[in-house]
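# Geometric and topological summary
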Amino acid sequence: MRTQLQAAEIEHYGDNGFVILEDFLTPDELEGWRAAVMEAVEERGDVRIPGFQGDSGGFYGRVFLQRVNLWQTSARMKALMLDERLGRLAAELAGVDGIRIWHDQTLIKGPWANPTAWHLDVPYWSFSSRDALSIWVALDDVTLENGCLFFLPGTHREATFDNVGIGQNMGELFQVYPQWATREAVAAPMRAGSCSFHNGLTAHGAHANMTPYLRRAMTCAYMPDGSRFNGKQNILRPEQLARLSVGDPLDDDAQNPLLFSRSSSGVGCRV
Ligand SMILES: O=C(O)CCC(=O)C(=O)O
Ligand SMILES: [Fe+2]
């Protein structure tokens, strides 16, 4: 796994709201991630989010197969996701002192999967931060044909927390942000084992999968340490939600493990 970022990569992330790191995982690591993800998905059955009922059907169910917080139900995924090195990279890009997991998720576009409409991420989440971000690791070669990501550079600096759902209309987000409708998007095809990081306020979407093969990705969303509850449920179980008031710190280590903290120089498990 790449553990060092170049100054130009950090600058690219800051300016554009995303950065691509080719060959992030070694071939052996990629094999390990693929096997762990597929095993965890198999074990999970049709539960999309732990603590919630079943998968959603309809259009969204055919954008991708989504299984959230595999680290909570698979020991192998826990070892991969709670890796201090990932937290350190995320903290360095975000320019924050500490990073917690918000949630991981695998996003698997099956053959002929629907496109992922343009959206922002953070407005779905239970905290509001301009510094939250996600890693998106390609488990297969990701191409223009099978559903690569697209980013709208710089939108992270202009976005408010207004958003749309991932629905059937690709460009619905541009009704909320008409000033972005004439911009050109950047496609992010990558070799398997490469990754991108994107800011949670960067506009992004993905092509449909126009192939008869899987487009598998493993992603993790990171929350800056010190973030506070904004009243949205998102992936919080009803019993967790019941204990929280708006403004409370989201610092439950069982739900949002602290992966990296500059002050304690790393608290995640090193694998
Ligand atoms: O993989 C996709 O199609 C969308 C990914 C995405 O929206 C994300 O990682 O935030
Ligand atoms: Fe997203």
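How each quantity is defined
Residues numbered from 1 in each chain as written. Chains lettered and ligands numbered in written order. Predicted model: local features only at pLDDT ≥ 70, side-chain atom pairs only at ≥ 80, totals over all residues. Helix = DSSP H or I, 4+ residues; strand = E, 2+ residues; numbered from the N terminus. Rg over C-alpha atoms; globule rule 2.2 N^0.38 Å. Buried ≥ 20, exposed ≤ 12 C-beta atoms within 10 Å, placed from the backbone. Contact = placed C-beta atoms within 7 Å. Pairing = 2+ DSSP bridges. Axes fitted to C-alpha atoms, helices over the stretch in contact; angles between N-to-C directions. Near = placed C-beta within 6 Å. Nonpolar A, V, L, I, M, F, W, Y, C, P; charged D, E, K, R; others polar. Expected span 1.5 Å × (residues − 1). Arc of directions from axis to C-beta.

### Details of the overall build of the chain
Counting its secondary structure elements, the chain contains eight helices and eleven strands. The globule rule puts the C-alpha radius of gyration for 271 residues at 18 Å, and the 17 Å found for the chain is close to it. A principal-axis box enclosing the C-alpha atoms of the chain has dimensions of 45 × 45 × 40 Å. Across the 271 residues of the chain, 46% fall into the buried class. The contacts in the chain between residues at least 6 apart in sequence include a share of 83% that link residues at least 24 apart.

### A short note on the pairing of strand β10 (residues 215–224)
Taken across its ten residues, β10 has nine buried, putting it largely inside the fold. Pairing between strand β3 (residues 98–109) and β10: ten bridges, direction antiparallel. In the sheet register, Thr106 faces β10, and the bridge partner there is Met218. As judged from the six bridges shared by strand β5 (residues 133–138) and β10, these two strands associate in the antiparallel manner. Residue pairing across strands places Ile135 opposite Cys220, the latter belonging to β10.

### A short note on the sheet that holds strand β9 (residues 204–206)
Reading across the sheet, the four strands line up as β4-β9-β6-β7 and stay open at both edges, with antiparallel pairing between neighbours. The sheet terminates laterally at β4 (116–119) and β7 (186–188), the two strands that pair on one side only. In this sheet, neighbouring strand axes are inclined to one another by 20° on average, regardless of whether the strands run parallel or antiparallel. Pairing of strand β6 (residues 149–151) with β9 involves three bridges; the strand directions are antiparallel. Within the sheet, the bridge partner assigned to Leu149 lies in β9 and is Ala206.

### Brief notes about the environment of Ala75
Mapping Ala75 onto the fold places it in helix α4 (residues 75–81). Classification of Ala75 by C-beta neighbours within 10 Å gives exposed; the count is 9.

### Let's talk about the site of ligand 1
Residues in close proximity to ligand 1 include Phe64, Leu107, Thr116, Asp121, Ser134, Trp136, Gly147, His204, Ala206, Ala217 and Thr219, which together make up its full environment. Broken down by secondary-structure element, the contributors of at least two residues to the shell around ligand 1 are β5, β9 and β10. Residues that form the shell around ligand 1 fall into these classes: five nonpolar, five polar and one charged.

### Re unusual backbone geometry
One non-glycine residue with positive phi stands out, namely Asp23, at about 50°. Even without glycine at this site, Trp112 takes up a positive phi of about 65°. The residue Trp112 is located in the loop between β3 and β4 in this model.

### Regarding the environment of Arg85
Locating Arg85 in the fold gives a position in helix α5 (residues 84–94). Looking at Arg85, the number of C-beta atoms within 10 Å reads 17, which means it is partly exposed. It is 15 Å that separates the C-alpha atoms of Arg85 and Leu133, two residues lying 48 residues apart in sequence. Leaving out residues up to four positions away in the same chain, Arg85 has contacts with Met1 and Thr3.

### Brief notes about the pairing of β3
Counting buried positions along β3 gives twelve out of twelve residues, so the element sits mostly inside the fold. Across three bridges, the pairing between β3 and strand β11 (residues 258–261) is antiparallel. When the sheet's bridge partners are listed, Arg100 is paired in β11 with Leu258.

### Regarding the environment of Lys232
By secondary structure assignment, the location of Lys232 is in the loop between β10 and α8 (238–243). When the 15 C-beta atoms within 10 Å are taken as the criterion, Lys232 is described as partly exposed. For the pair Lys232 and Gln6, spaced 226 residues apart in sequence, the C-alpha to C-alpha distance is 36 Å. Excluding its chain neighbours within four sequence positions, the residues that come into contact with Lys232 are Trp125 and Ser126.

### Here's the deal with helix α2 (residues 27–44)
Here α2 contains 18 residues, and its C-alpha end-to-end distance of 26 Å stays within 8% of the 26 Å for a straight helix at 1.5 Å per residue. Taken as a whole, α2 has its buried residues at Leu30, Trp33, Ala36, Val37, Ala40 and Arg44. The buried residues of α2 occupy an angular sector of 135° when projected down its axis, which confines them to one face. Along α2, exposed side chains directed more than 90 degrees from the buried face belong to Pro27, Asp28, Ala35 and Glu42. Against the buried residues of α2 lie β2 (65–68), α4, β3, β5 and β10. Two residues or fewer past α2, Gly45 is found with a positive phi of approximately 65°.

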